[in-house]
Every structure is written in structure tokens, then in C-alpha cells.
Amino acid sequence: MLAGLAALAISGLTTPTAPAQATGRGGAPSSAVDWAECGTTFKGECATIELPVDWSNPAGPTFGLRIGRLKALDPARRIGVLFAHPGGPWGSGISQYITGRVNIRDDSELRRYFDIVSLDPRGSGGSHPVLCSEDLVNQTPATYPANETEYRTWLTFNKTLSEDCRRNTGPLFDHVDSASATRDVDAVRAALGEKKISFLGISYGTLIGQQYAEMFPQNLRAMVIDSNVDHGITSAYEWLRTETEEFEGALAEFGRWCGDTPSCALHKLDVAAVWDDLLGKAVAGKLVDPDTGAPVTSEALRSELFGPMSNPAAYWFDLATRLRALRDGDPSSRAARARAGGATVEWVYPAVFCSDYTWSVSGFAELDRYRRQLEAAAPHTRLAPIWYDVLTCQNWQGGKSNPQRPLTITGTPPILVVTAANDVLTPAVWNRTVAGQIPGSALLRYDGAGHGQIRNSACARAHIEKYLLTVVTPPDGAHCPAEYPADPSASSSEAVSGDARTPLGHPFRGR
């Protein structure tokens, strides 16, 4: 925190007490939305609006989109709507921003001058969730295929699961792509009677932001896209390579932090050597969980390392304790995760992701060639668990209406792109590529590791808030120093979009 405050002082960054754009504006436009109070600990307003299932057939079947709002605390100086889109796909914007206070706190200047609006994106939460048979979801293969037979088992399962999800969900299953979700955002803008909106997208929400800037540039006042997904990657190998290289770099950064932090459970140890020893034992089938006595597979061990890399403040102390416990064979404090019961379970991730990304992989031989190349290039982590992203879309039967392509953006206000130096979920190179495709954009870099820099860095958060209030981007080359906790008591359990530690059998629902 002190490092972040020092950076603010050096850069001369201050938060204005009264945004110029708000002067004389005041009040809110008329809205036909039927709002009602929602929330328990935190109160907001929620409503449901009817939108087309298929935007290419707007007169066809509809579904209910759940939206939420927090009114500006200073309505006389209200700037307008700040649309905060959740990550995922798909996290709940209602629980994050309206009935919860993740990323935009009540003491933020953004709360004072903006109506904060969010939603549960189509296919999730209160917006007609994608439902699949829970027993089938629980049969999802958990390991990278060892041969062609196991690869074919994956393909058969993907087809079976996607057809089951379509039966349980209905027509919306084939229309949960990000292009459709982007049109939903503009429909909300229109329903609110707003001429323009400001937009904050984090993680997978950045893809919505990028496509909104393409489709509706005239409706944008300002946009921040933080921790960007690159929708232009068409090569499965490049997807895996960029993620794996970032994973290797994150382990090195974790080791440096541990060496600088006396309260880290691995302080004064060679963290890479500890990790290599654990992974070697896991590969050989000789690593045992001291909490349960069960074997720990190499896949499970890598996932345990991968998830916490997105939120150092919340998880790095626990991660170090866990690795130390595995090394020493001592029980740790890690709580077991229980699966929820029920006939169906919300399982929107593959339905959305496989609508937005299509990977051409000829078979197991090609995929395994990628694995061998990446294990040689990343000798410690070997292969990021993100291989799941490629494999789960092979033979998936859902809609594929939003394939990868470079951005084509013109006519927008200056857009702020925010990245970390190391982010295992959305690598720095993805963010640089996105920024390079947006004319007039500014790239703000956080020099540490993590995902969602509005949370990880006080310095980045201040830059983001100042930009949204003034539409003035940071200067070229702006960056924020790493901000890591020095003591476990400083840890935070907040997450950008769900639990970053790999919930319910899926490594990447936290994106």
C-alpha cells in the first residue's frame, strides 16, 4: 500500500473533488425499468427486462435479463451510468457490484458521481442460467489425456455434455456468446434512457467491453478494460504458450516475494526447488495430501498453484503454507470443498467460452506435441492448467457465432487498458495486443503479479477512478509498483469474479 501511495505522489495523481463533466448536469434521465429493492447486507435496486434470445431475430422468443443499480450518492452532480461488467464467464454482476461491494467500494468517488449498473449476463444467475445435469458435469474428465483413446473420450464427453445442457437450458444455450451479451448491454443502456454510458470491464468482461467499443462507439463516454482477454488468438498453441509462459513467470515472482517476506512459510527456502520436488513426486504418484491421506496428482497440484496466482494478497500466504505442509507431510488448514447437490447445476463456462473460441486441433498427436514443447520451455510449471480451455471446446455442440478475430475499433473516446506484469489468467502480452488494436488507447501497467488490478493495486485503482471521472488517461508509460502484503493479517479474501482457487472441478471459472 505504501508503495502505491508513493507512486501516486511521484506521478502527481490526485482524485478531483468535483468532476468537470458533472457540473450543471444533475438528475437522471427517465427510465421505464421497474426497479425494486434487493440485497441483504447491502441494498440496491434490481429489475428484470425482456430481451431477444437471438438478436438476429428480435421478434422471436425472449428471456429475462436481471439487472441491478446503485444510485449516485450525489445525484445533483451525477455524471451518468457506470456499467460494471463481471468477469467469468459468467460471474454475477448483481452479487459483485449491487448487493455486494467488490471492486467499487462505497467510499469510492465512483459511487458519489455515477449510478453503478450491472447485470447477471445471459445464461447465468438470474438471467436464464445454462443448466446441465449435475451427475454428468461431475463426470467431466479431470486430467490431460495420456493417449489418443483418452483424447477421444474427452471428445465424446464434450458432445454428450453440450447436448445435455441444450436440453436442460433451451434455445438460449446456443446464444450465450459475448457478441449477444454485448448487445444486451446496449439494450440496458437504452432501457435506462441513457445516451452514453461509461464502462468498466474486468477479466472476461473485457471481451464485452472490446466488442461494445466496436459495435457502439457512439454510445461510450469512457471505458476501462482491466486484465484483458485477447479474442484475436486463433492458434491453440499460442493460447497455451502465452498462458504457460505467464504461469512460469508467476512461480518465479512468488518465489521472489517469499524470499523478501519473512512471514512466508517458505522464506529462506528455494521455492522453485521445493515446487520441483513436489511436482516430481506427484508425477510419480508419491505425493500424499497430509489432510486426507489421498494421493495428489500432478494436475491437482498445478491447479493449486495456478489459482492463487491471480490474487496474491488473498492467497499467497495460504499457498506457501500449503506447499510447506505438502513438503513436510504436516496437516494444513486448507478446508475441503464440498460439491453442491441437485438435479442440475449452472455450468455456463463452456457454453460461453466455446461460442467465443474455436480451436483447430487435428487430434491427440498435435495437442501432445504442444505439451512437449511447452514443458521444455517452462521446466518448472511445465504446462498451465489452461489446456482445459482448448480441450473442452473440441466437439462442443453449442453455437459458434462469435469466432476469434482482431478488433476493429474507431470513433471511441480514449480507452484505458490495464494490465499486470504477470497475470496467469490474462497474460500481459494479451493486454498489449488489445491496446495495440485500439486507436488512442492508454496502457497502464501494474508491475506485480495478479488478476484485476483495480483490486490488486491502490495506485492502479486511483488511476482508473481518475480516468472514469475525467476521461483523461494516464501519461504514456504510466505504471504502478508491485503491492504485496508483508504479513498474513493484511490478506484480503476479495476476488474479482468468484473464488480464484478453482471452484467445483473447473480450473478457470475465476477468469
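Use the structure listed above.
Source: prediction; values computed, not measured.

**Q** Hey, could you go over helix α12 (residues 349-356) for me, with residue numbers and the actual values?
**A** The buried fraction of α12 is high, at eight of eight residues. Three or more residues of α12 are buried, namely Y349, P350, A351, V352, F353, C354, S355 and D356. Buried residues along α12 sit in contact with α6 (178-191), α7 (205-215), α8 (236-260) and α14 (387-391).

**Q** Tell me about the sheet that holds strand β2 (residues 44-52), and please be specific about residues and values.
**A** The strands that make up a sheet are held in pairs by hydrogen bonds between backbone atoms, and each pair lies either parallel or antiparallel. Judged by pairing direction, the sheet is mixed, and its ten strands sit side by side in the order β1-β2-β3-β5-β4-β7-β8-β10-β11-β12 without closing on themselves. Across the chains shown, the open sheet's two edge strands, defined by having one partner strand only, are β1 (36-38) and β12 (479-480). When strand β4 (residues 80-85) meets strand β7 (residues 197-202), the two strands line up parallel, connected through four bridges. In the sheet register, L82 faces β7, and the bridge partner there is S198. Sheet strands touched by α8: β10 (415-422) and β11 (442-449). Its angle to β10, the strand with the most contacts, is close to 65 degrees. Against the sheet, helix α17 (residues 458-470) engages β4, β5 (114-119), β7, β8 (220-226), β10, β11 and β12, with an angle of about 165 degrees to β8.

**Q** Just give me the short version of the environment of G87, but keep the residues and values in it.
**A** Mapped onto the elements, G87 comes out in the loop between β4 and α2 (93-98). Along the sequence, G87 and G201 sit 114 residues apart, while their C-alpha atoms lie 7.4 Å from each other.

**Q** Which residues make up the pattern of salt bridges, and what values do they have?
**A** Note that side chains of opposite charge can pair when their charged atoms are close. With the rule as written, the count across this model stands at 29 salt bridges. Its salt-bridge partner being R241, residue E238 comes within 2.6 Å of it at the nearest N-O pair. Here R241 and E238 lie together in helix α8, a separation of three residues that amounts to about one turn. For R241, a relative accessible area of 23% translates into the label partly exposed. Residues R445 and D447 are paired through a salt bridge, measuring 2.7 Å at the closest nitrogen-oxygen approach. Looking at R445, the relative accessible area reads 40%, which means it is partly exposed.

**Q** Can you lay out the packing of α8 against helix α15 (residues 428-436) for me, pointing to particular residues and giving the numbers?
**A** Angle between the axes and distance between the axes are the two parameters that describe a pair of packed helices. Close contact between α8 and α15 brings their axes to 9 Å; oriented N to C, the two are set at 125 degrees. Our classification of the angle between α8 and α15 gives oblique. Contacts between α8 and α15 involve W239, T242, E243 and E246 on the former and, on the latter, A428, V429 and W430.

What counts, and where the lines are drawn
- Per chain, the residues get numbers from 1 upward, laid out in the order the sequence is written.
- Totals for whole chains, interfaces and linings use all residues, but because this is a predicted model, local features are given only for residues with pLDDT of at least 70 and pairs of side-chain atoms are given and counted only at 80 or more.
- The basis for every side-chain value is the complete set of non-hydrogen atoms in the structure, without hydrogens or water.
- Only protein chains enter the accessibility calculation, which uses a 1.4 Å probe. A residue is then buried if its area is under 20% of the maximum for its type, exposed if over 50%, and partly exposed in between.
- Counting from the N terminus, the helices are the DSSP runs of H or I reaching at least four residues and the strands are the DSSP runs of E reaching at least two.
- Every residue pair with non-hydrogen atoms within 4.5 Å of one another is taken to be in contact.
- If DSSP finds at least two bridges between two strands, the strands pair.
- Axes here refer to lines fitted to C-alpha atoms; in helices the fit is confined to the stretch in contact. Angles between the N-to-C directions go from 0 to 180 degrees.
- Salt bridges are identified by distance alone: a Lys or Arg side-chain nitrogen within 4 Å of an Asp or Glu carboxyl oxygen.
- Oblique is the label for any angle not under 35 degrees, not over 145, and not in the 65 to 115 range, which are roughly parallel, roughly antiparallel and roughly perpendicular in turn.

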